[in-house]
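Each chain is listed here by its residues.
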Amino acid sequence: QVQLVESGGGLVQPGGALRLSCAASGSIFRINAMAWYRQAPGKQRELVAHIGSGGSTIYADSVKGRFTISRDNAKNTVYLQMNSLKPEDTAVYYCNAVVVVTTTMSAGYYWGQGTQVTVSS
């Protein structure tokens with residue numbers, strides 16, 4: 001019913017920057033919270049940043065001051081601006097959204113397919 005498509009991943013040198021995008025489409029009545037998670041090889045998936053419907057944000061301690069989450073409600077899109085990237089930021093980054101769908105008017109959690117971010121010299 002809802003599709004999330006990420007883009008913007010890639011290979012970047014330490015200290016560099018990337019901007020991830022995640023566009024939601026489908027039977028959307030309203031998008032509540034949106035978030036970015038990441039999963040590095042051999043590690044559990046972890047929350048990177050979260051943005052509420054009103055724009056309030058939460059960040060993992062490891063990315064505070066370097067990453068910025070934002071959203072464009074008109075485009076059903078969430079962004080993650082990543083600056084001062086470090087090798088330990090290397091992971092697959094996943095978009096997540098809590099969406100109220102038009103078919104049932106109930107909320108569900110939806111995930112994107114993930115986009116690889118590699119920070120290496």
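Throughout this document, residue positions are counted from 1 along each chain, in the order its sequence is written. Whole-chain, interface and lining totals are the exception, using all residues; otherwise, since this is a predicted model, local features are given only for residues with pLDDT of at least 70 and side-chain atom pairs are given and counted only at 80 or more. Derived side-chain values reflect all non-hydrogen atoms in the structure, with water molecules and hydrogen atoms excluded from consideration.

**Student:** Teacher, can you tell me more about the overall build of the protein here?
**Tutor:** Each helix is a run of DSSP H or I of at least 4 residues and each strand a run of E of at least 2, with the numbering of both proceeding from the N terminus. Helix and strand counts for the protein stand at zero helices and eleven strands. Counting helices and strands in the order they occur from the N terminus, the protein gives β-β-β-β-β-β-β-β-β-β-β. Atoms counted for the radius of gyration: C-alpha only. Globule rule: 2.2 Å times residue count to the power 0.38. What you see for the protein is a C-alpha radius of gyration of 14 Å, in line with the 14 Å of a compact globule of 121 residues. Dimensions of the protein along its principal axes, counting C-alpha atoms only, are 50 × 25 × 25 Å. In this scheme, a residue with accessible area under 20% of its type's maximum is buried, one over 50% is exposed, and one in between is partly exposed, where area comes from a 1.4 Å probe on protein chains only. Every one of the 121 residues in the protein was classed for burial, and the buried ones make up 43%. Here a residue-residue contact requires only that any non-hydrogen atoms of the pair lie within 4.5 Å. By sequence separation, contacts in the protein at least 24 residues apart represent 56% of the contacts at least 6 residues apart. Using the Shrake-Rupley algorithm and a 1.4 Å probe, accessible areas are obtained, with residue cover drawn only from the displayed protein chains. Here the protein has roughly 6,200 Å² of accessible surface; of this, 49% comes from carbon and sulfur atoms. Across the protein, 10 positive and 6 negative side-chain charges occur, with their mean positions spaced 4 Å apart. Only four residue types enter the charge count: Lys and Arg as positive, Asp and Glu as negative, with His and the chain ends excluded. For charged residues, the charge sits on one atom: NZ in Lys, CZ in Arg, CG in Asp, CD in Glu.

**Student:** How should I be thinking about unusual backbone geometry in this particular structure?
**Tutor:** Positive phi, normally seen in glycine, also occurs at N76, with a value near 50°. With respect to the secondary-structure elements, N76 resides in the loop between β7 (67-72) and β8 (77-82). Even without glycine at this site, S84 takes up a positive phi of about 50°.

**Student:** Help me understand the side chain of S21, please; the structure alone is not making it clear to me.
**Tutor:** Examined against the element boundaries, S21 turns out to sit in strand β3 (residues 18-26). Excluding residues within four positions of it along the chain, S21 makes contact with V5, E6, S7, W36, V78 and Y79.

**Student:** Quick question: what am I supposed to make of the side chain of D89 here?
**Tutor:** Assignment of secondary structure puts D89 in the loop between β8 and β9 (91-101). Judged by its relative accessible area of 1%, D89 falls in the buried class. Between N or O atoms, a polar contact is any pair within 3.5 Å; within protein, one atom must be a potential hydrogen donor and the other a potential acceptor, and residues adjacent in sequence are included only when both atoms are from side chains. Engagement of the side chain of D89 in a polar contact is seen with the side chain of R66, the distance being 2.8 Å. Setting aside its immediate chain neighbours within four residues, D89 contacts R38, R66, F67, S84, V117 and V119.

Any functional reading would require information that these geometric values do not contain.
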